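# Fold and geometry: a report
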Amino acid sequence: MLKKCRAYLCAHRRVRIALIVVLVLLALLLILHPKGTKTYLIMGMDNYGSLDVVGRSDVMMLVQIDFTRSHISTVTFARDMFLDKDGRETKINAIVRSSDEDTLVKTLEENFALDIDGWFRVNFTSVIELVDAVGGVDVELTAEEARYIDRTLGVYPDSPLSEGLCHLNGGQALCFARCRKLDNDMMRGQRQSKVMSAMVQSAKHMSIAQIGSVYNSLKHAWRSSLSSTQQVGLLMRALWLRGAKVTSIGMPLDDWRYGNSKKGESGVLINFETNTALLHEALGLPAVTPEPEN
């Protein structure tokens, strides 16, 4: 059999060339395919208009990108959750306004033993523009969610909503992601993750040229700790992820309660040891070894 294959290849020059081209392309795919894991924090500010205005962070979503496995994990933090900041109980959504984005990143790293590679900050206007730029998103709605969006925004004739899979424009996607009146912050976190996952799926059907055009036309729609060069590099790597699987979780994962801080402010109080262990397990990170007691 092997001799026949050799003889066939020797007799057919075009087949030999085609086979060589295929092998070279496969080798390039293996070489160029990005590997490793990066983790970024996405902050959504509770205001429209200019990104120069910094309010509370309505959304705090950790995005872990596993280039090797082509997998994206999102973790949405409850905005009323208390963190330990410099020895004081501080609501997570107030840290950017009182300090800055780097302080929020540092606080999350210290509270949950994380390594975060950078941050992105958007606001309500940014979300509308980004969703519209990728052609809208397909999201599964409950009947109550569909009615809530229609009551809040009015009915869009070109984007009718009902129970089931619906195509949302930017305004509808933002309204869906912000909704917590139907239930609570935990469910709102799930809605935010659904919008993120749907945006990844929408980008899957865009050409490289279209994605590049969206990036160039919407660079004003976010702020980032990454330089322009680093952002372009991340975009080039992200092009390999258009078919990525997206999994989403909400923090806290377990062992939490609504209660009052030591100063009497109400919010979400959590067991950090339990939730850190569960978060690391969910993200495939090494288990945290408890510090020995003195």
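Whatever comes next refers back to the structure up there.
The notes below deal with the structure included here. The written sequence of each chain sets the order in which its residues are numbered from 1. Totals for whole chains, interfaces and linings use all residues, but because this is a predicted model, local features are given only for residues with pLDDT of at least 70 and pairs of side-chain atoms are given and counted only at 80 or more. Just so you know, side-chain values use all the structure's heavy atoms and leave hydrogens and water out.

### A short note on helix H8 (residues 185–204)
- In DSSP terms, a helix is any run of H or I states spanning at least four residues, a strand is any run of E spanning at least two, and both are numbered starting from the N terminus. To estimate how far a helix should extend, the number of its residues minus one is multiplied by 1.5 Å. Here H8 is 20 residues long and its end C-alpha atoms lie 29 Å apart, about the 28 Å a rise of 1.5 Å per residue gives.
- Among the 20 residues of H8, 14 are classified as buried, and the element is accordingly described as predominantly covered. Categorising residues by exposure relies on relative accessible area from a 1.4 Å probe, with only protein chains included: less than 20% of the type maximum marks a residue as buried, more than 50% marks it as exposed, and the intermediate range marks it as partly exposed.

### Let's talk about the pairing of strand E7 (residues 137–141)
- Burial along E7 is one-sided: the residues Val 137, Val 139 and Leu 141 are buried and none of Asp 138 and Glu 140 is.
- Paired strands are those between which DSSP finds at least two bridges. Taken together, the 5 bridges between E7 and strand E8 (residues 164–168) define a ladder with antiparallel strand orientation. Bridging across to E8, Glu 140 finds its partner in Leu 165.

### What about the sheet that holds strand E2 (residues 57–66)?
- With respect to topology, 6 strands assemble into an open sheet ordered E9-E6-E1-E2-E3-E10, the strand pairing being mixed. On the outer flanks of this sheet lie strand E9 (223–224) and strand E10 (245–251), each paired with one strand and no other.
- As defined by bridge partners, strand E1 (residues 37–45) adjoins E2 across 9 bridges and the pair is classed as antiparallel. Bridge pairing in E2 places Thr 37 opposite Asp 66.
- The strands touched by helix H5 (residues 124–133) within the sheet are E1, E2 and strand E6 (118–123), with E6 carrying the most contacts at an inclination of about 90°.
- Packing against the sheet, H8 makes contact with E1, E2, strand E3 (71–77) and E10, and its axis sits at approximately 50° to E2. In this description, contact between two residues means that some pair of their heavy atoms is separated by no more than 4.5 Å. Interaxial angle, 0 to 180 degrees, is taken between N-to-C directions of lines fitted to C-alpha atoms, where a helix line uses only the stretch in contact.

### Focus: helix H9 (residues 208–217)
- Taken as a whole, H9 has its buried residues at Ile 211, Val 214 and Tyr 215. The buried residues of H9 occupy an angular sector of 100° when the element is viewed end-on, so they sit on one face. Opposite the buried face of H9, by more than 90 degrees, sit the exposed residues Ala 209 and Asn 216.
- Close packing links the buried residues of H9 with H5, H8 and helix H10 (228–238). Here the arc refers to the set of directions running from the helix axis out to each C-beta atom.

### Here we look at empty space enclosed by the protein
- Points on a 1 Å grid over protein atoms alone make up a cavity when a 1.4 Å probe fits among them but cannot get out, and a pocket when they form an open set with protein on both sides within 12 Å along at least five of seven lines; lining residues each have an atom within 4 Å of a point. Grid points are joined across faces, edges and corners, and a volume is the space filled by probe spheres set on the points. All told, the structure shown has 3 cavities of 30 Å³ or more when counted by the stated rule.
- Space inside the largest cavity adds up to approximately 1300 Å³.
- Taken together, 38 residues form the lining of the largest cavity, with Ile 42, Leu 130, Met 196, Met 199 and Val 200 sitting closest to its centre.
- Elements represented by at least two residues in the lining of the largest cavity include exactly E1, E2, E6, H5, helix H7 (170–178), H8, H9 and H10.
- Top element by residues in the lining of the largest cavity is H8. It accounts for 6 residues.
- When grouped by side-chain class, the residues that make up the lining of the largest cavity number 31 nonpolar, 4 polar and 3 charged.
- By volume, the second largest cavity is sized at about 50 Å³.
- Surrounding the second largest cavity, Asp 58, Val 59, Thr 76, Phe 77, Ala 78, Arg 79, Asp 185, Arg 188, Gly 189 and Gln 192 form its lining.
- Breaking the lining of the second largest cavity down by element, the ones donating at least two residues are E2, E3 and H8.
- Per element, the largest residue contribution to the lining of the second largest cavity is 4 residues, and it comes from H8. Classification used: nonpolar for Ala, Val, Leu, Ile, Met, Phe, Trp, Tyr, Cys and Pro, charged for Asp, Glu, Lys and Arg, polar for all others including Gly.

Shape is all these values report; function is a separate question.
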